[in-house]
Structure formats: structure tokens, C-alpha cells
Amino acid sequence: MTEAFYITAEELAARGYEHLPTELDSGKHMIYSSPATLDFNSPGAKGFGVKRAGLVIPGSVMLLIAPGCCGRNTALLSDLGYDERFFYLLLDDTDIVTGRYVNKIPQACEELLAELDYTPSVIMLCCTCVDALLGTDMERVCRACFDRTGVKAAPAYMYALTREKKLPPMGLIRKSIYSLLEPQKRISNECNILGFFSALEDNNEIYSLLGSAGIKKIHEIGRCKTFEEYNELSRANFSIVLNSEARAAAQDMEQRLGIPFIELTRMYRLDKIQNQYRLLGQAIGAQLDDSEYYDKTKALIEDFKQKHGSLTFAVGESLNADSFELSLALTEYGFKVAEIYGTVGERNFVFVKKLAQLSPQTRIYSNLSPTMMNYVPAPEINAAIGADACYYHRDIAGVEFNGEAQPFGYRGVQILFEQLDKVLDEKGGQRA
Amino acid sequence: MKRLLKHISPLAPDDSGACSVLYEMGGITVICDAGGCAGNVCGFDEPRWFEKRSALFSAGLRDMDAILGRDDLLVKKLALICEQVDAKFTAIVGTPVPAVIATDLKALERMSEKKTSLPCIALKTDGTRLYDYGEEMAYYRLFEKFAADKLPVKKGKTGVIGATPLNTGYTDSKAIKAALSGSCDAVVCFGMDSGLDEVIKASECEKLLVIAPSGIKAAKLLNERFGTPFEVGYPCVEDIPDINGGRVLVIHQQFYANALRRKLRKQGCEVTAASFFTMLDEYKEPSDIHLADEDDLTELITGGSFDTVIADGRFERLLGGFEGRFIPLPHFAVSGKLL
């Protein structure tokens, strides 16, 4: 049986992005749905997949139009209180060959509305690989549903087949959830934060920094409790995009609503965070004084290093960070990153190249490679970051760092080190 | 409207059933999908995923693979994985994607065998049917292909067909073996704590016990091929105390429901069995009913004057104004809850 495949950062950088080894190219091998990465691999399994994300609009319900297998794991969301918001139009074998079910969708919407004692803000029509292959015009279906019921409908494309396209399902769903916004008079001191389905962690410095620049109200879909609050997003003067998967949504809002956007990236290197805030200030015409947050975070990292010494990390990808950027940050802070379980893409290959210079022997694994069935934890690792890394290294200190309150900026770095400090205090920095 | 679920989420599908049978067989199982179906199987319908390793993978199909029908790529990936993982056979499990593009699974089976030199079974599931359909197909194909030789019968050895988490709510065979220990010298639960070797040696069994309808077709095959007798039953039903008489509706897989009925009759109950899954006529009583849709259960309750309903907790939402007693009895294929 083959050992789990890895390549060092140095070897990978030397090969270049165009020559990834087969094991790191998911199109060239079978996919292992490792227990470590289930929520990452399977849209809708846990966290915010297409199904749950589609219901982020307050007062919305979802009709999943699919063979039974596609909606099976929705029961996992029951504990989160979604039972009353999911409906299913199950397709049979004739349906998926002929597409005859498309004509039944408006009637299904009508019947599900009859079950409710309120009028939902929107019916999200969740479609799957079947419609991707049949080429169903979901925009037209949504219009037909609106004509029949008087309730707006919007598509939620759960197309696993297109996961590696330029506009993958998680990008499309972000576009869909903002698609109900209608133009209104914009207010100069309000802005949106786009990118996540849940809100930033409450104490994030970006709120204070924007406040100091005169922004009085910051809209985030994850904080909207009512449809009226959701509608307020279209009066923002500009949007800040914190996740590139929301770029298409922001572009659509710019075109339809006239709201321009600025794109920032979630990073964990202090100098990059500082630079990004400087650029944000320039873009909105204000000087953002982030020195207090910078100094505090820098001191926190120094204290952590003093206390816990030179740790060796394993960094996964089921977490609120880019695995490679976070690994680079840890390396720059003076820690060692022995292993990364991540998906190498064109966008993050730049971090691989930098890692190759600073930590050439860092081993890079792909969670999706079938050889990960045979993964054996390396003994030198004494702390893990990411739900997947914690799965692989169950007997050492680890933080999943994939909570719903989103980390960003200096506060994101602080949260990470605070969580690590706590778990290292509890479990120690040595392998059990 | 038929096939519109307003109160419950979908029940375990056929591809999950097929994978459940194959899980511990020691083969390489490939779900012919883009990733979502494999996620549903591994993340929800296969509780052993977190306890026992199995070479169960997604084909990782992308839109152009499907549109262009790149079967050769799938076989190439399968051959690659055969070099990385030790396996005795390969299996390809269908999903909606190959169903829509009309993949010739039989041809894939032949191509795979030629390329990998390992026996292959391709199962034409499509995610639109229920788990027992996929289980039935998987059991049948496994025994058809691998239980070829007639071996000397081992006295007292019983083979159990139907032992999957979806049917039983168990992730191992302890409870079933314990329940049968008084009546058999040796028990093998095919596919639960046992692999392909036991399937190959199936003819050693003195008798077979089929504990779910999905095992009947395979049992009949073994009966025809080797003369192995089979009986139907469920050896370890839960005790339901505090019921003395009255009209009871039991909803579960048919053989579990039948076994529970026998117990409840001794407690003076009049019992109707119902299931959303296969109800074989030869094991049905006249009042038993197959439920096709949510509305069927609601109507049954409305017109049935039952005093007690014993069913998976997920079905409680379908009981409307039922004023009797509801006793939850988990069925993994419904709620994903283990016993």
C-alpha cells in the first residue's frame, strides 16, 4: 500500500504551478472524502455549503429539486433549526432523463407556500448536477414560480460538477443571495462587508477603523435578522469584499445597484495586514490609524513565542485561512511548519514559492489524494491548526479555527494565538 | 403533489445502500459522481466512515468529463488507485450523473477489469431510488460473482444477509451475533465485520438468515446455486415495554417490523406494519401497507385509529393530529440515528 503522497515546498516551487504532481491535481485522480475534510469536500454537508448559504436571506425557504441522494444529508442541519425551511421535490429516473419535472416546480412552490403560516421573503430553488447537465434555465424557472405564486424565487446552483470553474457553486450562491436587492438611494456613510455568510467576530478592528473614517453603518448579511435589514444592503456607498468568492456578487451589485467595491484578502502576516489597511484608507479617502492594533498583535505573538517556544505546526485547509498564507505567516514569526494539508491553486502558489525559500522542507499533502488513507502522523509536530489537521493529529494540541464568527485582520491573528495559547496550556506542546 | 416532501428530509438513497454493502468487503469502491454523492455517503449514510477505513472514493467527475463521456479517464484513475491501495476487486456505484448521460456501466465494468486485472462490479444505481434497492443489487452481484465454488457445509454456521447500518442501526455485528449465539455455532454477517473471503465461502453456511428485504434476492441465488436453505427474521428487536393491547402501527424496514409485531402480539397488541421501503408480498399481512409518500402516512394515521405508533422520530412530523402514543424507534435509513 502506497504511503501518503507529499511533496516538499522546495520541490513544488521548482516544478511550478503548471507541473503539479498528479496527486495534487484533483482532476487526475479519484477523490478521497477523508473524514478530515468532509465538510470541505461535500457542498452542503456542514458549515455553509450551498444549501445552508442559500437560506442566509432572512425569511427565506428552500426547495431542493433533486434526486433523493442530493438532499440526504440535509438532516444534519436539523439541529441548527432549518427543518421548517427545507422542502424537497424528489426526481425519479424518468425525470432526470427527460427534464419533465421542470414544469412541476411552480406547482411545488405553490404547495409548499400553502404549508406555511407566513409568506417567505424568497423561495431559493436549489438545483444540482442534473440541471447542470440538462442545461435547465433556472432564471426562467424562477420567473415562472414568481408568476404563479407572487413570491420571489432565486436559484441556488449546487453544481458539484463545476467546482473548479471560474465561478464555482460557492461563488454563484453568493451572487444569488444578493440578487434580490433593488436599487435605492445610497447613503454616503454606510458600507457593506461581503464575503462570508456569517458576520465578522464582534471585536474586529475593521469596525473601529471604518468608524474612525466616518462610516456610521456597516451592513453584513450574517447580521441581518429581517428582510428589511437585508434590503438596507443596497443603500451602501461601497462594499468591502473579504473573500474572492464574493467577487462576482460584488461585480453584479456594482452593475445593478451602482455600488463600487474594494477587495481585501484575509491574511495572517502583520505587515501585509498593515499594508492592506493603508490601501483601504487610500481608497476611501481616509487615513486609517491601525498602529494600536498592530503593536498589540505583535506583542501578543512575541509573548506567545516566549511562553511556548519553538513549536512545529501542521496546518490544514478546513479552517478560516488560506493554508499556505497562514503557514508562511507562522514561518515568518519564527515557528516551524512541518506539514500542510491543502489545495494548491494558481492564487496561492505565490505563497508556496515564498515558503520554499523560508521553509523548503515543509511537506505539502493533498487531503483529496486517495493515498491520504495511509497517512501516518509525523512525530515532530506538536500543534495542529484546522479541523483536518486536528483529525490527523488527535493526540496533540490543536485548534480547528473554523468557527462561524469570521476572523479577519489583526483580530484574526489575535484569535488564532489566543486559541493556540489556551489549548497548549491545556494539552501541552508535546505529543501524548 | 407526489414526491414533494414538506415535512421530512429524503430517505437513504440507492447509492448509499450499495456502498453500505460494499463497505467492509475489501474492494475499491468508486462512486461515479462529482463529489456531492460521496460526501452524502461518507458524511451521513455511512457511520462506519469514522470508525473503520474503507477504500471508498469519488470519481471526481467534472462537467466536461460528463459532457464528453470520458469513461477512459475514469478507468485510468481507477487503474492509478489500484497501484496505491491493496484491493481484491473494484466496484463502480452509479449516481444521477451517469444516469443523465446514460453511461454504459456494463462497459465500464469490462474496461475496468481489462485495465486493472481485478474483478469489477458496476452497480446501476442513480440516487433516485431508496437504499434497499441499492443493497439488493450489491448483495446479488457480490454473491453472483464471487460465491462460485461449492464448499463442504460447516454444520452450525449461519450466514446473515442484510446486516448494514442502514437496516440495523449497528456499526458492528456484536448484537446480531449475541442474539444468535444460542442457536448457531458460528455466525457470519456478510459485509459487517467480514469481507469478501466470507462471500467467497458462502456455500459453507448450513443456513442463511435474511434480516432485511434487500437480502432476499441474494439468498434465493445461494439457495438455487448451493441448495442453502434460508429463513427470514430479525434476531434482536428492541423491547417495547408498557404496551398491553391496543392497535399499534410499526414503521421500519419490513423484517424488523415483522419481528417486532411478533413480540407485540404476545403483549396483546393488534399490529399493522408499514414501510417507505420494500414490502415483499410474501412477508406481508393483509393490513400491512407500503407508504409511497408523506401523504400516505398521514392518511393511514387519520383512518387507522391507532393507539400507538412506533417509528423513527423523523416521522412524528407526519402524524398530524394523532392523539395516541408515539414511541420513537430509530431507523438509520430515515434519520441517520444509530440505535
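Rules used in this analysis
- Throughout this document, residue positions are counted from 1 along each chain, in the order its sequence is written.
- Here the convention is simple: chains get letters from A, ligands get numbers from 1, in the order in which they are written.
- In keeping with the predicted nature of the model, local features appear solely for residues at pLDDT of at least 70, side-chain atom pairs appear and are counted solely at 80 or more, and the whole-chain, interface and lining totals rest on all residues.
- Only hydrogens and water are set aside; all other atoms, that is, all heavy atoms of the structure, feed into the side-chain values.
- Here a helix means four or more residues in a row that DSSP labels H or I, a strand means two or more in a row labelled E, and each is numbered from the N terminus.
- The size measure is the radius of gyration over C-alpha atoms, and the globule rule it meets is 2.2 Å times the number of residues to the 0.38 power.
- Classification of residues uses two cut-offs on accessible area relative to the type maximum, computed with a 1.4 Å probe and protein chains only: under 20% is buried, over 50% is exposed, and between them is partly exposed.
- Here a residue-residue contact requires only that any non-hydrogen atoms of the pair lie within 4.5 Å.
- You can read pLDDT as the predictor saying how much it trusts each residue, on a scale of 0 to 100.
- Pairing between strands is defined by DSSP: at least two bridges between them are needed.
- Helix axes are fitted only over the stretch in contact, all axes being lines through C-alpha atoms; the angle between N-to-C directions runs from 0 to 180 degrees.
- Planes of paired rings set the category: under 30 degrees apart is stacked, over 60 is edge-to-face and the rest tilted, where pairs are Phe, Tyr or Trp rings (Trp by its six-membered ring) whose centres lie within 6.5 Å.
- Joining through side-chain atoms within 4.5 Å is the link that ties buried Ala, Val, Leu, Ile, Met, Phe, Trp, Tyr and Cys residues into a set, and such a set is a nonpolar core.
- Salt bridges, as used here, are contacts in which a Lys or Arg side-chain nitrogen is within 4 Å of a carboxyl oxygen on Asp or Glu.
- Orient the strands so they point away from the viewer, and a crossover whose first-strand-to-second-strand path over the helix runs clockwise is right-handed.

Asker: Got a minute to help me understand the overall build of chain B in this structure?
Answerer: Counting its secondary structure elements, chain B contains 14 helices and 14 strands. The C-alpha atoms of chain B give 21 Å as radius of gyration, which agrees with the globular expectation for 339 residues (20 Å, within 12%). For chain B, the spread of C-alpha atoms along the three principal axes comes to 60 × 50 × 35 Å. Here chain B, with 339 residues, has 62% of them falling under the buried criterion. Within chain B, residue pairs in contact and separated by at least 24 positions form 69% of the contacts whose partners lie at least 6 positions apart.

Asker: Help me understand the confidence of the model for chain A in this model?
Answerer: Detailed reading of the predicted coordinates is not advisable wherever pLDDT is low. This prediction gives chain A a mean pLDDT of 94; 97% of its residues lie at or above 70. Every residue in residues 41-45 of chain A scores below 50 in pLDDT, and together they form 20 contacts with partners more than four places removed in sequence or on other chains.

Asker: Is there a simple way to explain the sheet that holds strand E10 (residues 261-263) of chain A in this structure?
Answerer: Where strands meet in a sheet, backbone hydrogen bonds hold them as pairs that are either parallel or antiparallel. All names here are of chain A. Spatially, four strands are ordered E8-E7-E9-E10 in an open sheet, and the strand pairing comes out parallel. Sheet topology places strand E8 (217-219) and E10 at the edges, where each strand pairs with a single neighbour. Put simply, the sheet's adjacent strands are angled 25 degrees from each other on average, direction ignored. In this sheet, strand E9 (residues 236-241) lies alongside strand E7 (residues 187-194) in parallel orientation, the contact comprising five bridges. By the bridge assignment for E9, Ile-187 is matched with Ala-236. Its contacts with the sheet put helix H10 (residues 205-212) on E7, E8 and E9, and the angle it makes with E7 is roughly 160 degrees.

Asker: Just checking my understanding: could you explain the packing of aromatic side chains for this structure?
Answerer: Given two aromatic rings, one states the distance between the centres and the angle between the planes to describe the pair. Residue and element names in this part refer to chain B. Considering all chains together, one arrives at 29 aromatic pairs over all chains under this definition. With 5.4 Å between their ring centres and 55 degrees between their planes, Phe-89 and Phe-146 make a pair best called tilted. Of this pair, Phe-89 sits in the loop between helix H4 (71-84) and strand E4 (90-93) while Phe-146 is found in helix H7 (residues 131-146), placing the two residues 57 residues apart along the sequence. Summarising the burial analysis for this pair, Phe-89 and Phe-146 share the class buried. Ring geometry for Tyr-234 against Tyr-256: centres 4.7 Å apart, planes inclined by 55 degrees, an arrangement best described as tilted. Residue Tyr-234 is located in the loop between strand E9 (230-232) and strand E10 (246-251), and its partner Tyr-256 is located in helix H12 (residues 254-266); the two are separated by 22 residues in the primary sequence.

Asker: Just to check I follow, could you spell out the nonpolar core for this structure?
Answerer: Inside soluble globular proteins, nonpolar side chains tend to come together where they are buried. Among the nonpolar cores identified, the biggest contains 181 residues, and A:Leu63, A:Ile105, A:Leu125, B:Leu142, B:Phe143, B:Leu297 and B:Phe315 are the most heavily contacted of them. If one sorts the elements of this core by residue count, H7(B) sits on top with seven residues. Residue contacts for B:Leu297: discarding those within four places in its chain leaves B:Leu249, B:Ile251, B:Phe276, B:Leu291, B:Phe315, B:Leu318 and B:Leu319. Judged by nonpolar contacts, the second largest core, of 65 residues, contains A:Leu20, A:Ile193, A:Leu242 and A:Phe304.

Asker: Hey, could you run me through the pattern of salt bridges in this one?
Answerer: Evaluation of the coordinates by the stated rule reveals 55 salt bridges over all chains. Notably, a salt bridge pairs A:Lys307 with A:Asp425, separated by 3.0 Å at the nearest N-O pair. Taken as a pair, A:Lys307 in helix H14 (residues 291-308) and A:Asp425 in helix H18 (residues 409-427) lie far apart in primary sequence, 118 residues in all. Owing to a relative accessible area of 46%, A:Asp425 belongs among the partly exposed residues under this scheme. Linking B:Glu204 and B:Lys157 is a salt bridge whose minimum nitrogen-to-oxygen distance equals 3.0 Å. Linking B:Glu204 in the loop between helix H10 (196-200) and strand E8 (207-210) with B:Lys157 in strand E6 (residues 157-161), this pair joins segments that are 47 residues apart in sequence. As far as the burial class goes, B:Glu204 and B:Lys157 line up, both buried. Beyond isolated ion pairs, a larger network of salt bridges with shared partners links B:Glu24, B:Glu46, B:Arg48, B:Lys52 and B:Asp193.

Asker: What is the right way to read the pairing of E7(A) from this model?
Answerer: Every other side chain in a regular strand lies on the same face of the sheet, so the side chains alternate between the two faces. Residue and element names in this part refer to chain A. With three bridges connecting them, E7 and E8 associate as parallel partners. What sits directly across from Glu-190, in E8, is Lys-217. Considered for its hand, the β-α-β crossover made up of E7, H10 and E8 is right-handed.

Asker: What am I meant to see in the sheet that holds strand E13 (residues 308-311) of chain B here?
Answerer: All names here are of chain B. Strands sit in the order E12-E11-E10-E13-E14 across an open sheet of five strands; the sheet is parallel. The open sheet has two edge strands with one neighbour each: strand E12 (289-290) and strand E14 (325-328). Running at roughly 170 degrees to strand E11 (residues 269-275), H12 makes contact with E10, E11 and E13 of the sheet. Here helix H13 (residues 294-304) sits on the sheet in contact with E10, E11, E12 and E13, set at roughly 170 degrees to E10.

Asker: What am I meant to see in helix H11 (residues 216-226) of chain B here?
Answerer: At 3.6 residues per turn, the α-helix brings residues three or four places apart onto the same side. All names here are of chain B. Buried residues of H11: Ile-216, Ala-218, Ala-219, Leu-221, Leu-222 and Phe-226, and no others. Contacts from the buried residues of H11 go to H7, E6, E8, E9 and H12. In the segment just after H11, Gly-227 is the residue with positive phi, at about 80 degrees.

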